[in-house]
Amino acid sequence: MSATLNPFENLPVTLICPVSGKRDWRLLVSTDHLRKETLLRKKFLVNRLPPKVLHRELKHQHEFSIPAQGAIFENSHSGVLVRVGLPGDIQAIFRQESYSRDLLESLFQRFLRSFRRRIQPYQCYLNPGSRVVEIGCYTGAFLALCKEMKWDAYGVEVGNCQVEFIREKSLNVHCSAAEKFDYGRNCLDAAFIWNCFDQINDPKPLLNKLARALRKNGLLIIRTPNALFYKLCQIVFHTMRRYGKEPNHKHCLVQALAYSHLLGFPYQFGYTPVALATLLNDCGLLVRDIQPVSVATLPKWDISTFWRHEQFATVHTMLRIGRHMANQNIDATLTPWFEIAAKK
């Protein structure tokens, strides 16, 4: 775990952890091993996706903005993960990224179906006319669902290409970095951050803005990859390497990471549930619930029955384990992703 195989790993990690405020970082995944994971992810996708959707899905799931470089470090105090060695301005890369309209439309329809299934737990908190913001809209599918629910919703999205696509669907979206946008005061009933919290360099200013913008009992929902799950997988992989065995695409944990969009950890930051709860509490937001959630990587109607069943079994087995642990009052969040709900 202490090998230095690349100049990125010799750089002093001067970043202050957004949770602990400390600079004590230790190497978790070397550049070499991270590169191998990224290659495994591509092999995983190529083996399972039919030619007609392969290019589309590689763009969405493999050739995304955060490149396969650098190394992953863990903060010794909070367990927060950070990828070191990325280009300087990640937000600028996301802002300029280009997607075809066909890809965005395909993802829009897929995500809209997914949101319709997932929104039920939050419907009881919001009424027609409730003021809602989504940060990091991507295709605008959640804004479309808000329109169906008759919520007064708007989005904040940094990507120029995505903003243009969303506006074509007559949805309200602002082109801005989340941290720079003015959300107002005491005007929001709910704020949702589904998939982009890991991209925010310094989340405290954003969370403080949202705490001011939320009305009393206003709801904040964040869904994010689970750094604890990824770290535990790495511990297993490090143990295997000590005995001369390299994880391959057939290993159960490699499949668990791949089907959950965690293989190669294509994120800038990773939070454990405890770390994120601490951060929210520090910003005046009271955590009400932390739930394990499933995130399926492959579009189930575009893959063979065999792979569809494998994905279902892998993702839902992890989800069942997480829910069982929650019912037993054990750590409820040993799943690849988790969803945290906080109130003002």
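Residues numbered from 1 in each chain as written. Predicted model: local features only at pLDDT ≥ 70, side-chain atom pairs only at ≥ 80, totals over all residues. Heavy atoms only, no water.

### Details of the nonpolar core
Counting residues in hydrophobic clusters, the biggest one holds 42 residues, and the most contacted among them are Tyr 183 and Leu 220. Beyond its immediate chain neighbours, meaning those up to four positions away, Leu 220 contacts Ala 191, Ile 193, Leu 207, Leu 210, Leu 214, Leu 280, Leu 285, Ile 340, Ala 341 and Ala 342. Among the nonpolar cores identified, the runner-up in size contains 33 residues, and Cys 137, Phe 165, Val 173 and Ala 190 belong to it. (Core = buried A, V, L, I, M, F, W, Y, C linked by side-chain atoms within 4.5 Å. Buried < 20%, exposed > 50% of the residue type's maximum accessible area, 1.4 Å probe, protein only. Contact = heavy atoms within 4.5 Å.)

### Structural notes on helix α2 (residues 31–48)
In this model, α2 (18 residues) spans 26 Å end to end at C-alpha, consistent with the 26 Å of a helix rising 1.5 Å per residue. Of the positions making up α2, those classed as buried are Thr 31, His 33, Leu 34, Glu 37, Thr 38, Leu 40, Arg 41, Phe 44, Leu 45 and Arg 48. (Helix = DSSP H or I, 4+ residues; strand = E, 2+ residues; numbered from the N terminus. Expected span 1.5 Å × (residues − 1).)

### Quick notes on the environment of Lys 343
Note on placement: Lys 343 falls in strand β11 (residues 337–343). C-alpha separation for the pair Lys 343 and Leu 219, spaced 124 residues apart in sequence, amounts to 4.8 Å. Not counting chain neighbours up to four residues away, the residues in contact with Lys 343 comprise Tyr 125, Asn 217, Gly 218, Leu 219, Gly 284, Leu 285, Leu 286 and Arg 288.

### Details of the packing of aromatic side chains
Per the stated rule, a full pass over the model turns up 16 aromatic pairs. Relative to Tyr 138, the ring of Phe 111 lies with its centre 6.0 Å away and its plane at 40°, an arrangement referred to as tilted. Of the two residues, Phe 111 is situated in helix α5 (residues 101–118) and Tyr 138 in the loop between β4 (131–135) and α7 (141–148); the sequence distance between them amounts to 27 residues. In this arrangement the basic side chain of Lys 169 is found over the ring face of Phe 108, its NZ or CZ atom lying 4.3 Å from the centre. (Phe/Tyr/Trp six-rings, centres within 6.5 Å; stacked < 30°, edge-to-face > 60°. Lys NZ or Arg CZ within 6 Å of the ring centre and 35° of its normal.)

### A word on the state of the cysteines
A complete count under the given rule lists zero disulfides for this structure. Looking at the unpaired Cys 196, the closest cysteine sulfur is the one in Cys 137, lying at 8.3 Å. What makes Cys 196 buried here is its relative accessible area of 11%. (Disulfide = S-S within 2.5 Å.)

### Details of the packing of α2 against helix α11 (residues 252–259)
Between two packed helices, both the angle of their axes relative to each other and the distance between the axes serve to describe the pair. Orientation of α2 relative to α11, taken along the N-to-C sense of each, is 80°, at an axis distance of 10 Å. By the criterion of interaxial angle, the relationship of α2 to α11 is roughly perpendicular. Contact with α2, carried on its side by Leu 40, Phe 44 and Arg 48, involves Val 254, Gln 255, Ala 258 and Tyr 259 of α11 and no other residues of that element. Classifying every residue of the contact of α2 with α11 by side-chain character gives five nonpolar, one polar and one charged. (Axes fitted to C-alpha atoms, helices over the stretch in contact; angles between N-to-C directions. Parallel < 35°, antiparallel > 145°, perpendicular 65-115°, else oblique. Nonpolar A, V, L, I, M, F, W, Y, C, P; charged D, E, K, R; others polar.)

### Focus: the sheet that holds strand β6 (residues 173–175)
Strand pairing within a sheet occurs via backbone hydrogen bonds; the two strands may be parallel or antiparallel. Across the sheet, seven strands lie side by side as β6-β5-β4-β7-β8-β11-β10; this open sheet has mixed pairing. Of all strands in the sheet, those bounded by a partner on one side alone are β6 and β10 (286–293). In this sheet, adjacent strand axes meet at a mean angle of 15° when their direction is disregarded. Here β4 runs beside strand β5 (residues 152–157); their pairing, made up of five bridges, is parallel. Opposite Val 133, over in β5, you have Tyr 154 as the bridge partner. (Pairing = 2+ DSSP bridges.)

### Section: unusual backbone geometry
Glycine aside, a negative phi is what most residues show, and trans is what most peptide bonds show. Residues other than glycine seldom take positive phi values, yet Tyr 138 does so here, at roughly 60°. For Lys 150, which is not a glycine, the phi torsion comes out positive at approximately 65°. Structurally, Lys 150 is set in the loop between α7 and β5. A residue is classified by how much of its surface remains accessible, and Lys 150, at 58% relative accessible area, is exposed.

### Describing the confidence of the model for the protein
The predicted coordinates should not be examined in detail at positions where pLDDT is low. Looking at the protein as a whole, its pLDDT mean stands at 84, while 83% of the residues score no less than 70. Element-level pLDDT for the protein is lowest in helix α1 (residues 7–10), with a mean of 49, against a maximum mean of 98 in β4. Within the model, pLDDT remains below 50 along residues 1–8, and this stretch shows 17 contacts once partners closer than five positions in the same chain are excluded. (pLDDT = per-residue confidence, 0-100.)

### Focus: the environment of Gly 79
One can find Gly 79 in the loop between β2 (71–75) and β3 (81–84). Taking the relative accessible area as the measure of exposure, Gly 79 reaches 13% and is therefore buried. Linking Gly 79 and Val 19, residues 60 residues apart in sequence, is a C-alpha distance of 9.2 Å. If we ignore the near neighbours within four places in the chain, the residues touching Gly 79 are Glu 74, Ala 227, Gly 270 and Thr 272.

### Focus on the side chain of Ser 176
Inspection of the secondary structure puts Ser 176 in the loop between β6 and β7 (188–193). Judged by its relative accessible area of 17%, Ser 176 falls in the buried class. Discounting residues that sit within four places of it in the chain, Ser 176 has contacts with Val 156, Glu 157, Val 158 and Phe 181.

### Thoughts on the pairing of β5
Burial of β5 is extensive: five of the six residues sit out of reach of the surface. In this view, the connection linking β4 to its parallel neighbour β5 by way of α7 has right-handed handedness. Where β5 and β6 come together, three bridges link them in parallel fashion. Each residue of the ladder has a partner; that of Glu 157, found in β6, is Cys 175. You can see the chain leave β5, run along helix α8 (residues 160–168) and come back into β6, and the turn it takes is right-handed. (Right-handed = clockwise from strand over helix to strand, strands pointing away.)

### Some remarks on the pattern of salt bridges
Using the criterion set out here, one finds eleven salt bridges in the structure. Measuring nitrogen to oxygen at the nearest pair gives 3.1 Å for the salt bridge that ties Glu 168 to Arg 101. Taken together, the residues Glu 168 in helix α8 and Arg 101 in helix α5 connect sequence positions 67 residues apart. What makes Glu 168 partly exposed here is its relative accessible area of 46%. Of the charged contacts, one joins Glu 148 and Arg 116 as a salt bridge, the two residues approaching to 2.5 Å between their closest N and O atoms. Placement of the pair is Glu 148 in helix α7 and Arg 116 in helix α5, with a sequence separation of 32 residues. When salt bridges that share partners are traced, they join Arg 101, Glu 105, Glu 168 and Lys 169 into one network. (Salt bridge = Lys/Arg side-chain N within 4 Å of Asp/Glu carboxyl O.)

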